[in-house]
Amino acid sequence: MDMFITSVTVFLLAIFVGFEVITKVPPTLHTPLMSGSNAISGITVVGAIVAAGSKEPLVAAVLGVVAVIFATINVVGGFLVTNRMLLMFKRKKN
Amino acid sequence: MGTQLINIVYLIASICFILGLKGLTSPRTAPQGNLLGASGMLLAVLATLLDQHILTYQLIIVGLVVGGAIGAYLALTVQMTAMPQMVAAFNGFGGGASALVAATALIAPGDLTSVPPIQLYVASTASGLIGAATFTGSMVAWAKLQGTLLWQPKSDVLQKIINGGLFSLCLLLAAFVVVNPTGLWAYWLLVAAAAVLGVMLTVPIGGADMPVVIALLNSYSGLAAAATGFVLGNNVLIISGSLVGASGIILTNIMCKAMNRSLVHVLFGTLGPTAETATADEVYGGKVKSASPEEAAMIFDTARLVIIVPGYGMAVAQAQHAVRDLANLLEQRGAEVRYAIHPVAGRMPGHMNVLLAEADVPYEQLYALEQINDSFPEADVALVIGANDVVNPTAREDSSSPIYGMPILDVDKARTVMIIKRSLSPGFAGIPNPLFAAPNALMLFGDGKDMVRELIAALKEQ
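Note that the structure is a prediction, hence the values are computed from the model and not measured. (Residues numbered from 1 in each chain as written. Chains lettered and ligands numbered in written order. Predicted model: local features only at pLDDT ≥ 70, side-chain atom pairs only at ≥ 80, totals over all residues. Heavy atoms only, no water.)

Visitor: How should the overall build of chain A be read in this particular structure?
Guide: The helix and strand tally for chain A stands at four helices and zero strands. For chain A, the N- to C-terminal ordering of α and β elements is α-α-α-α. For 94 residues, the compact-globule estimate of 2.2 N^0.38 gives 12 Å, and chain A exceeds it by more than 25% at 18 Å. Seen along its three principal axes, the alpha-carbon backbone of chain A occupies a region of about 55 × 30 × 15 Å. Relative to its 94 residues, chain A shows a buried fraction of 63%. Contacts in chain A between residues far apart in sequence, at least 24 positions, make up 64% of those at least 6 positions apart. (Helix = DSSP H or I, 4+ residues; strand = E, 2+ residues; numbered from the N terminus. Rg over C-alpha atoms; globule rule 2.2 N^0.38 Å. Buried < 20%, exposed > 50% of the residue type's maximum accessible area, 1.4 Å probe, protein only. Contact = heavy atoms within 4.5 Å.)

In structure tokens:
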């Protein structure tokens, strides 16, 4: 139960932090915000790695590997595409 | 690696994500912010790989390499105009991964997690439901934006009943899994029902509402990751997932406000013309003036303030570079050029900003709706390129119109309005636009890019 309460606390506090940080993002950057936060949602790759590395049974490991592939597409693709967009915004300053 | 140590590393990764998102508050700091977020992710992945519970690395490495290669290839080759569907697809993969991780936690709980059983079962079903619906919903959004899926049924009563039934079925199956966790078939049935629900919810949604849907799916993928965090008792997943969930909800809210729609309407209704709406013939009959690029160039010749209004038509025609060239030419001739960006112009939040940034348009020239609307009466020319519903004065004037109350760009108040458009076909709202027949409006019929190029040529010849 302790663990559950701690998890809920973390969850709610993070939502508040999220609202505070994200409401300050200007409309110009809404697309990069979306693809950047999307890449962060790929954090589920951490869970996928643990799942893929589990010792038994085989079906869990197989599902884990598929999850690793899915999540890594999300993470790598998300951060790279965001970077491509942001470099376009940056270039004009120079 | 000890439990304490790995949790500290996860905490550092979480801080990287928060600071990374904070970096996005300014275009100047944004690239470093994104890099910080990516570093946090790398840190979390490396720490997890070094974790002592992990026994078999081969499969994991294969998964990382395959996924990384696919993601990198897609991200580096995608056209900027195709960005909305790319983001939608990536999003779906994240959601799908969450549902799969929850499944493995149900199969081998002792191996993966030490959370109390009730938390494991409740969180797993939440992750499975949200993750699966996000996966299929995102894939449908991808297909619709890509233009490969044109099927768009009217959202009717029957469909609402089916969706309600599917959702109830999901909740029933979730309750069954919680009470009877050894019945893994119930979890897979839940995932299947949620997957169908994701399709059913996204299929009836039209192109104009896509920015809302993509923002919402973004939020869902975060919530799925947070739910997986509850499954595994892992704080970095809970923190990152809720950050993304909050971000998606904020953007969803902004998009809904920009269209004067409630979220419930977007999800469960469609925007159709009402019975009283004027027909295209009544609105346009004999009043539409078509102009040639040469005539338009003459008007531009004396213009001091020009406001360019880009829409999805500009994106489809890939006209952003030509538009930038036209703006440069006008500036060389002493005119001031501004860009007016409606929040839902395009197919995802801020889509136009990215396209114009790609064409090197300085972001100081980009104005949001509330910043620019007062400037239209002073503008000599408002140049509308492929936008329709977001410049329709009906939204301001006709309370019986389906788009009544939606904030629009007041282009009709400019001295001259030039509209580059292929035809008089309506936008996604399906209603005619009286702007096209206004006394101060000129239609330049043609493809966005070709017409802008012809305008440039005509201006240079003067």
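Read on for the rest.
Visitor: Just checking my understanding: could you explain the pairing of strand E6 (residues 441-445) of chain B for this structure?
Guide: The two faces of a sheet get side chains in turn, since along a regular strand they alternate between them. All names here are of chain B. E6 sits mainly inside the fold: four of its five residues count as buried. Pairing between strand E5 (residues 416-421) and E6: five bridges, direction parallel. Along E6, the bridge assignment pairs Lys 421 with Phe 445. (Pairing = 2+ DSSP bridges.)

Visitor: Would you mind going over the nonpolar core with me for this structure?
Guide: One broad rule of soluble globular proteins: the nonpolar side chains tend to lie buried together. Residues Ile43(A), Val45(A), Ile49(A), Tyr187(B), Phe300(B), Ile308(B) and Tyr339(B) are the most contacted members of the largest nonpolar core, which totals 153 residues. Within the second largest apolar cluster, 38 residues are counted, among which are Val309(B), Val344(B), Val417(B) and Ala429(B). (Core = buried A, V, L, I, M, F, W, Y, C linked by side-chain atoms within 4.5 Å.)

Visitor: Got a minute to help me understand empty space enclosed by the protein in this structure?
Guide: Rolled over the atoms, a probe as big as a water molecule pinpoints where empty space is left. Taken as a whole and judged by the stated rule, the model has one cavity of 30 Å³ or more. Estimates place the volume of the largest cavity at around 70 Å³. Lining the largest cavity are Gly36(A), Ile40(A), Phe79(A), Thr82(A), Leu86(A), Gly20(B), Leu21(B), Leu24(B), Gly33(B), Asn34(B) and Gly37(B). Every element with two or more residues in the lining of the largest cavity is listed here: helix H2 (30-41) and helix H4 (58-91) of chain A together with helix H1 (3-23) and helix H2 (30-50) of chain B. Taken together, the residues of the lining of the largest cavity break down into five nonpolar, six polar and no charged. (1 Å grid on protein atoms, 1.4 Å probe; cavity = no way out; pocket = protein on both sides within 12 Å on 5 of 7 lines; lining within 4 Å. Points joined across faces, edges and corners; volume = space filled by probe spheres on them. Nonpolar A, V, L, I, M, F, W, Y, C, P; charged D, E, K, R; others polar.)

Visitor: I'm lost on helix H3 (residues 58-77) of chain B in this one. Help?
Guide: Along an α-helix, a turn takes 3.6 residues, which lines up residues three or four apart on a common side. All names here are of chain B. Compared with an ideal rise of 1.5 Å per residue, which puts 20 residues at 28 Å, H3 spans 29 Å between its outermost C-alpha atoms and is within 8% of the ideal. Those residues of H3 not exposed but buried are Ile 60, Gly 63, Leu 64, Gly 67, Gly 68, Gly 71, Ala 72 and Ala 75. End-on, the buried residues of H3 take up no more than an arc of 145°, which puts them together on one face. Within H3, the exposed residues directed more than 90 degrees away from the buried face are Gln 58, Val 65 and Tyr 73. (Expected span 1.5 Å × (residues − 1). Arc of directions from axis to C-beta.)

Visitor: I would appreciate a short explanation of the side chain of Gln119(B) in the present structure.
Guide: Summarising the element assignment, Gln119(B) is placed in helix H6 (residues 117-146). Residue classification places Gln119(B) among the buried positions, given a relative accessible area of 5%. A polar contact of 2.9 Å, which involves the side chain of Gln119(B), links it to the backbone oxygen of Phe230(B). Beyond its immediate stretch of four places on either side in the chain, Gln119(B) contacts Met3(A), Phe4(A), Ser7(A), Ser124(B) and Phe230(B). (Polar contact = N/O pair within 3.5 Å; in protein donor to acceptor, adjacent residues only side chain to side chain.)

Visitor: Before we go on, may I ask you to explain the interface of chain A and chain B in this structure?
Guide: By a frequent convention, interface size equals the accessible area lost on bringing the separate parts together. Taken residue by residue, the interface counts 81 residues in chain A and 101 residues in chain B. Approximately 7900 Å² of surface area, both sides summed, lies buried where chain A meets chain B, with 79% of it carried by carbon and sulfur atoms. On inspection of chain A and its partner chain B, the count reaches zero salt bridges. On the surface where chain A and chain B come into contact, there are 13 residue pairs in polar contact (both at pLDDT 80 or more). If you list the elements that add at least two residues to the side of chain A that touches chain B, you get helix H1 (2-22), H2, helix H3 (44-52) and H4 of chain A. With 31 residues, the top contributor of residues to the side of chain A that touches chain B is H4(A). (Buried area = accessible area lost by both parts, 1.4 Å probe. Salt bridge = Lys/Arg side-chain N within 4 Å of Asp/Glu carboxyl O.)

Visitor: Even after reading the chapter, I still don't get the pattern of salt bridges, so can you show me in this structure?
Guide: Once their charged atoms are close, side chains differing in charge can pair, the charge on each being opposite to the other. Residues and elements named next belong to chain B. Applying the stated rule across the entire model yields ten salt bridges over all chains. One salt bridge in this structure joins Arg 338 and Glu 336, with 2.8 Å as the shortest N-O distance. Judged by relative accessible area, which is 16%, Arg 338 ranks as buried. Accessibility expressed as a relative area gives 38% for Glu 336, which makes it partly exposed. The partner of Asp 447 in a salt bridge is Arg 422, and the shortest N-O contact between them spans 3.1 Å. Of this pair, Asp 447 sits in the loop between E6 and helix H19 (448-461) while Arg 422 sits in the loop between E5 and E6; the two residues are 25 residues apart in sequence, bridging distant segments of the chain. Overlapping salt bridges bring together Arg 396, Glu 397, Asp 410, Asp 412 and Lys 413 as one network.

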